[in-house]
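Coordinate inspection notes
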Amino acid sequence: MLLEGLRGYRGYPGGFRAYRRAFPTVELSWWHRVGDPRTIGRLKALAPTGFRFSVHGHKHLSYRPSGEERRVLRRFLRRFRLFGPKAGAVRLEVPEGVEPEAFASWLDLLEEVLKEVGPVALAFQVAEALKPLVRGRGYALVNEAGGPFLYLVDPEGPLPEGQGYLYRRHPSQAAPSALHSRAEVDPG
């Protein structure tokens, strides 16, 4: 079964309190910054049992192995794991121009970090040249069947069979979603 939701709840009438009654999942944008632990806690507390939070991010990842990359990746994944049993998946969008050899080394780094922080469901949005590396490591590819789960973003055409996540942009969303402040999460 696919859990279907929106790419963020910004602009949804009634905010997150109404959104959580209409959808079983949401994709939050952690593109510019990772979520604040207090905001994650509030969202998690407001979400019903079975609700799943996925995240899209993060522009500060270079996809080149280094000590700084390890630190950024570790922080990003640890914050995501704060969602606990309400964690969905992480969509990592790898920029164009990353060479396969460098990406293979980065995947080695990722696997070392995952040993430290624990398992995380990952879906990669990558150029065609990198897809064999992602498949070979057993990760999901965005908008492609055949991985450990489906992660679909604004899909076109018929939906594939399987379990996972489907996120659509809501017409009211002019810009990508963001993890919002307390005022937007918990309106008076």
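Since the model is a prediction, treat every value here as computed from it, not as a measurement.

**Some words on the packing of aromatic side chains**
Inspection of the entire model under this criterion finds 24 aromatic pairs. When the centroid spacing of 6.4 Å and the interplanar angle of 75° are considered together, the rings of Tyr-19 and Phe-51 count as edge-to-face. Here Tyr-19, found in helix 1 (residues 15-22), pairs with Phe-51, found in the loop between helix 2 (37-46) and strand 3 (52-57); they are 32 residues apart in sequence, far enough to count as distant. Residue classification places Tyr-19 among the buried residues on the basis of a relative accessible area of 0%. For Phe-51, a relative accessible area of 1% corresponds to the buried category. Between Trp-106 and Phe-124 the ring centres are 6.3 Å apart and the planes differ by 85°, which places this aromatic pair in the edge-to-face class. On the criterion of sequence distance, the pair formed by Trp-106 in helix 4 (residues 100-117) and Phe-124 in strand 5 (residues 122-125) is long-range, its members being 18 residues apart. Residue Phe-124 is classed as buried on the basis of its relative accessible area, which comes to 1%. Site record: aromatic cluster; members linked through ring pairs are Tyr-9, Tyr-12, Phe-16, Tyr-19, Phe-23, Trp-30, Phe-51, Phe-53, Phe-76, Phe-80 and Phe-83.

**Points about the pairing of strand 2 (residues 25-29)**
Every other side chain in a regular strand lies on the same face of the sheet, so the side chains alternate between the two faces. With five of its five residues buried, strand 2 lies for the most part within the structure. The alternating pattern of strand 2 places Thr-25, Glu-27 and Ser-29 on one face and Val-26 and Leu-28 on the opposite face, and all of these are buried. When strand 2 meets strand 3, the two strands line up parallel, connected through five bridges. Of the residues in strand 3, the one forming a bridge with Thr-25 is Arg-52. Once the chain exits strand 2 it traverses helix 2 before rejoining the sheet at strand 3, and the crossover so formed is right-handed.

**What to know about the nonpolar core**
Formed by 46 residues in total, the largest nonpolar core has its most connected members in Leu-77, Phe-103, Trp-106, Leu-110, Leu-122 and Phe-124. Elements represented by at least two residues in this core include exactly helix 1, strand 2, helix 2, strand 3, helix 3 (67-81), strand 4 (87-93), helix 4 and strand 5. Element by element, the count of residues in this core is highest for helix 4, at eight residues. Filtering out sequence-adjacent residues up to four positions away, Leu-77 remains in contact with Leu-110, Val-113, Leu-114, Val-117, Val-120 and Leu-122. Within the second largest apolar cluster, 10 residues are counted, among which are Ala-123, Phe-149, Tyr-151 and Tyr-165.

Calculation rules
Residues numbered from 1 in each chain as written. Predicted model: local features only at pLDDT ≥ 70, side-chain atom pairs only at ≥ 80, totals over all residues. Heavy atoms only, no water. Phe/Tyr/Trp six-rings, centres within 6.5 Å; stacked < 30°, edge-to-face > 60°. Helix = DSSP H or I, 4+ residues; strand = E, 2+ residues; numbered from the N terminus. Buried < 20%, exposed > 50% of the residue type's maximum accessible area, 1.4 Å probe, protein only. Pairing = 2+ DSSP bridges. Right-handed = clockwise from strand over helix to strand, strands pointing away. Core = buried A, V, L, I, M, F, W, Y, C linked by side-chain atoms within 4.5 Å. Contact = heavy atoms within 4.5 Å.

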